[in-house]
Amino acid sequence: MEETRGRVTRDGIRIYEDADFQGMRTAGRVAAEILDMLGPLVHPGVTTAALDDFIREEIARRGVVSATIGYRGYEHASCISVNHVVCHGIPGTKVLADGDILNIDVTVIVDGWFGDTSRMYGAGNVPRKAERLIEITHESLMRGIAAVKPGNTFGDIGFAIQSYVEAARMSVVRDFCGHGLGRVFHAPPNVLHYGRVGSGAVLEEGMFFTIEPMVNLGRPETKVLADDWTAVTRDKSLSAQFEHSIGVTATGCEIFTLSPAGKFYPTQD
């Protein structure tokens, strides 16, 4: 679907109109509601395919569209990334074990608008080091979001995330980033989760994009497996990710993908 709304900055970033915020609120809420329902389903013994089947069925029940089914040949309604999988994990026969952590990423299209969000879940008794990784990753996202307001830059967002993560002796993945969205899935800008204060494009009211830091317990390097989707940590260290879709407002930002049930973190049944 082509973008048709708003003006475009010299950096190629679309500026949306006030009326467009409602479309993003609706799409973001649907994606968040689906993730809210998954908590009780994540437990040792369940397969990632079973979780994806639930998501697919829930999307169909709501009469909306999955943005990922058919996207560049992808066949699933979610990406499910377990333990050392950084992102784009493909649902399948993988059976969750006690202590596994996983990111579930869902994007839906509602009346032409894209709602994109992901969050972390734990199966059974999660080790403290994995819990801390999840805590740091969530906080890094919220610190990045706190840096969003007109006049700040995308480098300010990246710096807020990177400085916090590295102070906790963890690392920010460089190979993947957030992105613009709206009436398309991916658009400018690339939202880096590292950077320098004052660098990058200037934030303006009406910009829509995701912030989705991936944080590793070990080193930041990743590699993509032979399936051309699954990205893993090169050193096999645990990885975590949280993602929100946001819109820049006159005074800060609006988070479109807030959990209606307050379950974004920590996930609760």
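Visitor: Whenever I open this one, the sheet that holds strand β15 (residues 239-241) confuses me. Can you help?
Guide: Backbone hydrogen bonds hold the strands of a sheet together, and the pairing may be parallel or antiparallel. In space, the three strands of this open sheet follow the order β8-β12-β15, with antiparallel pairing throughout. Looking at strand neighbours, the two that pair on one side only are β8 (171-172) and β15, the edges of this open sheet. With two bridges joining them, β8 and strand β12 (residues 214-216) adopt antiparallel strand pairing. Counted as the bridge partner of V172 is V215 from β12. Taken strand by strand, helix α3 (residues 128-146) contacts β12 and β15, and its axis lies near 35 degrees from that of β15.

Visitor: Just checking my understanding: could you explain the environment of G112 for this structure?
Guide: Inspection of the secondary structure puts G112 in the loop between β6 (101-110) and β7 (113-122). Judged by its relative accessible area of 8%, G112 is buried. Taking the C-alpha atoms as reference points, G112 and V8, 104 residues apart in sequence, are found 19 Å from one another.

Visitor: Mind showing me how you'd approach the sheet that holds strand β5 (residues 85-87) here?
Guide: Read across the sheet, three strands follow the order β5-β14-β13 without closing on themselves; strand pairing throughout is antiparallel. Among the strands making up the open sheet, the edge pair consists of β5 and β13 (222-224). Here the average twist between neighbouring strands, direction ignored, is 40 degrees. In this sheet, strand β14 (residues 231-233) lies alongside β5 in antiparallel orientation, the contact comprising two bridges. Following the sheet pairing, C87 is matched in β14 by A231.

Criteria and cut-off values
- Residues numbered from 1 in each chain as written.
- Predicted model: local features only at pLDDT ≥ 70, side-chain atom pairs only at ≥ 80, totals over all residues.
- Heavy atoms only, no water.
- Pairing = 2+ DSSP bridges.
- Helix = DSSP H or I, 4+ residues; strand = E, 2+ residues; numbered from the N terminus.
- Contact = heavy atoms within 4.5 Å.
- Axes fitted to C-alpha atoms, helices over the stretch in contact; angles between N-to-C directions.
- Buried < 20%, exposed > 50% of the residue type's maximum accessible area, 1.4 Å probe, protein only.

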